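Inside the fold
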Amino acid sequence: MELGFEEKDFLACCGSTKFAKEMALASPFASLEEAVRAARDIWFNKVDVNAWLQAFSAHPQIGDSTPTSHHHRTSPTSAQWSKGEQSTAVATATSSTLQELSEWNARYREKFGFVFLICASGRTSDEILAELKNRYPNRPIIEFEIAAQEQMKITELRLAKLFSSKAKDTIDQYPAVVAKKVEEDRVSIIGGHLNVTSEATAVKTFQIPTRTRPPITTHVLDVSRGCPAAGIEVRLEMWKGTQPRPLFGETDIGGWIFQGSSTTDNDGRSGQLTSIVNVVDPGIYRISFNTGKYNPAGFFPYVSVVFEIRESQGKEHFHVPLLLSPFSFSTYRGS
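Residues numbered from 1 in each chain as written. Predicted model: local features only at pLDDT ≥ 70, side-chain atom pairs only at ≥ 80, totals over all residues. Heavy atoms only, no water.

**With respect to the overall build of the protein**
Check the secondary structure of the protein and you find 11 helices and 10 strands. By the burial criterion, 44% of the 335 residues in the protein qualify as buried. In the protein, once contacts between residues fewer than 6 apart in sequence are set aside, the share between residues at least 24 apart is 68%. In the form shown here, the protein has an accessible surface area of approximately 17,300 Å², with 51% of it arising from carbon and sulfur atoms. (Helix = DSSP H or I, 4+ residues; strand = E, 2+ residues; numbered from the N terminus. Buried < 20%, exposed > 50% of the residue type's maximum accessible area, 1.4 Å probe, protein only. Contact = heavy atoms within 4.5 Å. Areas by Shrake-Rupley, 256 points an atom, 1.4 Å probe, with all protein chains shown as cover.)

**Considerations on helix α5 (residues 76-85)**
Structurally, the α-helix is built with 3.6 residues per turn, so residues lying three or four positions apart point the same way. For α5, the full list of buried residues reads Ser 78, Trp 81, Ser 82 and Glu 85. Along α5, the residues classed as buried sweep out an arc of 105° about the axis, all on the same side. Opposite its buried face, α5 presents the exposed residues Pro 76, Gln 80 and Lys 83, each directed more than 90 degrees away. (Arc of directions from axis to C-beta.)

**Digging into the side chain of His 219**
Relative to the elements of secondary structure, His 219 occurs in the loop between β1 (216-217) and β2 (220-222). Separated by 2.7 Å, the side chains of His 219 and His 319 make a polar contact. The contacts of His 219, once residues within four sequence positions are left out, are Ile 141, Glu 145, Gly 268, Arg 269, His 319, Val 320, Pro 321 and Leu 322. (Polar contact = N/O pair within 3.5 Å; in protein donor to acceptor, adjacent residues only side chain to side chain.)

**Here's the deal with the sheet that holds strand β7 (residues 303-309)**
Strand order in the open sheet formed by four strands is β5-β4-β6-β7, and the pairing between neighbours is antiparallel. With partners counted over all chains shown, the strands left at the sheet margins are β5 (256-263) and β7, one partner each. When the angles between neighbouring strand axes are averaged without regard to direction, this sheet yields 20°. The pairing of strand β6 (residues 283-289) with β7 spans seven bridges and is classified as antiparallel. Bridging from a neighbouring strand, Tyr 285 pairs with Phe 307 of β7. (Pairing = 2+ DSSP bridges. Axes fitted to C-alpha atoms, helices over the stretch in contact; angles between N-to-C directions.)

**Quick look at the pattern of salt bridges**
Any two side chains of opposite charge can pair, on the condition that their charged atoms come close. Within this structure, the stated rule accounts for 13 salt bridges. The shortest N-O distance in the salt bridge between Arg 235 and Glu 237 comes to 3.3 Å. Residue Arg 269 is joined to Asp 267 by a salt bridge in which the shortest nitrogen-to-oxygen separation is 3.3 Å. There is no split in this pair, since Arg 269 and Asp 267 are both buried. Each member of the salt-bridge network shares a partner with another, and the members are Glu 85, Arg 158 and Lys 161. (Salt bridge = Lys/Arg side-chain N within 4 Å of Asp/Glu carboxyl O.)

**Here we look at the nonpolar core**
Ranked by internal contacts, the top residues of the largest apolar core, which has 49 residues, are Met 23, Trp 43, Phe 56 and Leu 159. Contributions of two or more residues to this core are made by α1 (7-13), α2 (17-26), α3 (32-46), α4 (49-57), α7 (95-112), α8 (125-135) and α9 (140-170). Among the elements that line this core, the one with the most residues is α9, at 10 residues. Not counting chain neighbours up to four residues away, the residues in contact with Leu 159 comprise Phe 10, Cys 13, Met 23, Leu 32, Ala 35, Val 36 and Ala 39. Ranked by size, the runner-up nonpolar core spans 21 residues in total, among them Val 303, Ile 309, Phe 318 and Leu 322. (Core = buried A, V, L, I, M, F, W, Y, C linked by side-chain atoms within 4.5 Å.)

**Things to note about the packing of α7 against α8**
Two measures define how a pair of helices packs: the angle their axes make with one another and the distance between the axes. At a closest axis distance of 10 Å, the pairing of α7 and α8 adopts a crossing angle of 30°. The angle between the axes of α7 and α8 places the two elements in the roughly parallel class. When the axes of α7 and α8 are compared, the crossing they make is left-handed. Facing α7, whose interface residues are Thr 97, Glu 100, Leu 101, Trp 104, Asn 105, Tyr 108 and Phe 112, α8 presents Ser 125, Asp 126, Ile 128, Leu 129, Leu 132, Lys 133 and Arg 135. (Parallel < 35°, antiparallel > 145°, perpendicular 65-115°, else oblique. Left-handed = near helix turned anticlockwise from the far one by under 90°.)

**A closer look at the packing of aromatic side chains**
Scanning the model with the defined rule gives 17 aromatic pairs in all. When the ring of Phe 56 is compared with that of Phe 114, the centres are 5.2 Å apart and the planes differ by 50°; the resulting orientation is tilted. Of this pair, Phe 56 sits in helix α4 while Phe 114 sits in the loop between α7 and α8, and the two are 58 residues apart along the sequence. Taken individually, Phe 56 and Phe 114 each receive the classification buried, so the pair is uniform in this respect. Their ring planes at 75° and their centres at 5.9 Å tell us that Tyr 108 and Phe 114 sit as a pair that is edge-to-face. (Phe/Tyr/Trp six-rings, centres within 6.5 Å; stacked < 30°, edge-to-face > 60°.)

**Observations concerning the environment of Asp 41**
With respect to the helices and strands, the residue Asp 41 is situated in helix α3. Distance in space between the C-alpha atoms of Asp 41 and Arg 213 is 6.7 Å, their sequence separation being 172 residues. Excluding anything up to four places from it in sequence, Asp 41 contacts Lys 46 and Thr 212.

**Some words on the state of the cysteines**
Taken as a whole and judged by the stated rule, the model has zero disulfides. Between Cys 13, a free cysteine, and Cys 14, which holds the nearest cysteine sulfur, the sulfur-to-sulfur gap is 8.3 Å. Cys 13 gets classed as buried once you look at its relative accessible area, which sits at 1%. (Disulfide = S-S within 2.5 Å.)

**A short note on the packing of α2 against α3**
Viewed as axis vectors pointing N to C, α2 and α3 meet at an angle of 140°, and their least axial separation amounts to 10 Å. By the angle between their axes, α2 is oblique relative to α3. For the element pair α2 and α3, the recorded crossing hand is right-handed. From α2, Lys 18, Phe 19, Glu 22 and Met 23 reach across to α3, where they touch Ala 35, Ala 38, Ala 39, Ile 42, Trp 43 and Lys 46. Looking at the contact of α2 with α3 residue by residue, the class counts come to seven nonpolar, no polar and three charged. (Nonpolar A, V, L, I, M, F, W, Y, C, P; charged D, E, K, R; others polar.)

What follows is the structure in structure tokens.
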């Protein structure tokens with residue numbers, strides 16, 4: 001059974017019009033799993049920074065009922081879902097907690113320029129406040145990536161609700177086995193983001209097995225210009241030398257094996273550097289940026305970041321952004 005949706009349906013799941021248009025073009029979907037795979041690919045690989053910010057602005061602050069931007073029209077469905085997602089937080093909040101949340105939300109927005117975003121389903125007000133305080137010291141580039149990840153969690157939960165609602169309208173037309181598949185799809189996504197509750201203990205959850213993007217990705221932001229850095233050559237290599245790992249100060253010629261290369265696009269993101277596999281090979285990796293060609297007057301002719309993927313981390317996603325200015329750079333590993 002394939003379920004078709006309109007652009008407005010996907011806009012209720014994620015407040016980015018570009019995301020909604022891309023999802024509508026990809027529709028219909030044979031299953032919730034298929035829709036989530038498409039959503040992840042579109043959100044992380046196809047929409048731009050402005051689309052992320054537009055989606056963020058569609059969310060109300062915790063304890064509030066209106067979106068963060070008065071210029072953003074939130075659909076009634078989205079508003080209703082937001083209210084439900086915040087129900088645990090509201091139910092567990094005291095007047096003093098709500099006041100503190102409001103103050104910290106304002107402080108957060110002043111620092112980062114967008115609302116504090118968290119998948120609030122099942123979280124108490126104290127848990128949310130603690131996470132807000134924990135994330136506040138982050139650098140903007142780190143927090144921006146975290147917010148995007150939280151938005152994707154919310155989108156997946158809402159896609160599950162969307163499929164469940166659509167299935168109720170059409171379920172009488174299909175065999176019982178189809179109804180069971182829709183329910184399994186719904187539980188698959190919700191189970192990935194909520195703590196086990198009394199309602200979920202009797203249901204078997206399923207993990208989505210396939211990636212929608214390569215296990216190692218990167219993007220570059222040019223701080224001096226205040227924009228993504230387009231046109232930077234990126235190269236990924238893996239250590240295969242005679243020593244278990246490269247040693248500082250020792251010659252490593254021939255020890256690095258080429259894995260893939262690309263050039264950053266207008267959003268500062270590189271193309272595919274490695275194959276899309278479920279489990280990435282453990283080992284030492286090096287990702288290098290040709291910053292000298294991008295900015296010949298800059299301080300660094302090139303920048304390399306060496307990191308290790310352990311066997312237990314093979315199913316994780318490794319995102320290595322580069323924050324570049326004329327005389328400094330910084331990186332972090334995002335999951």
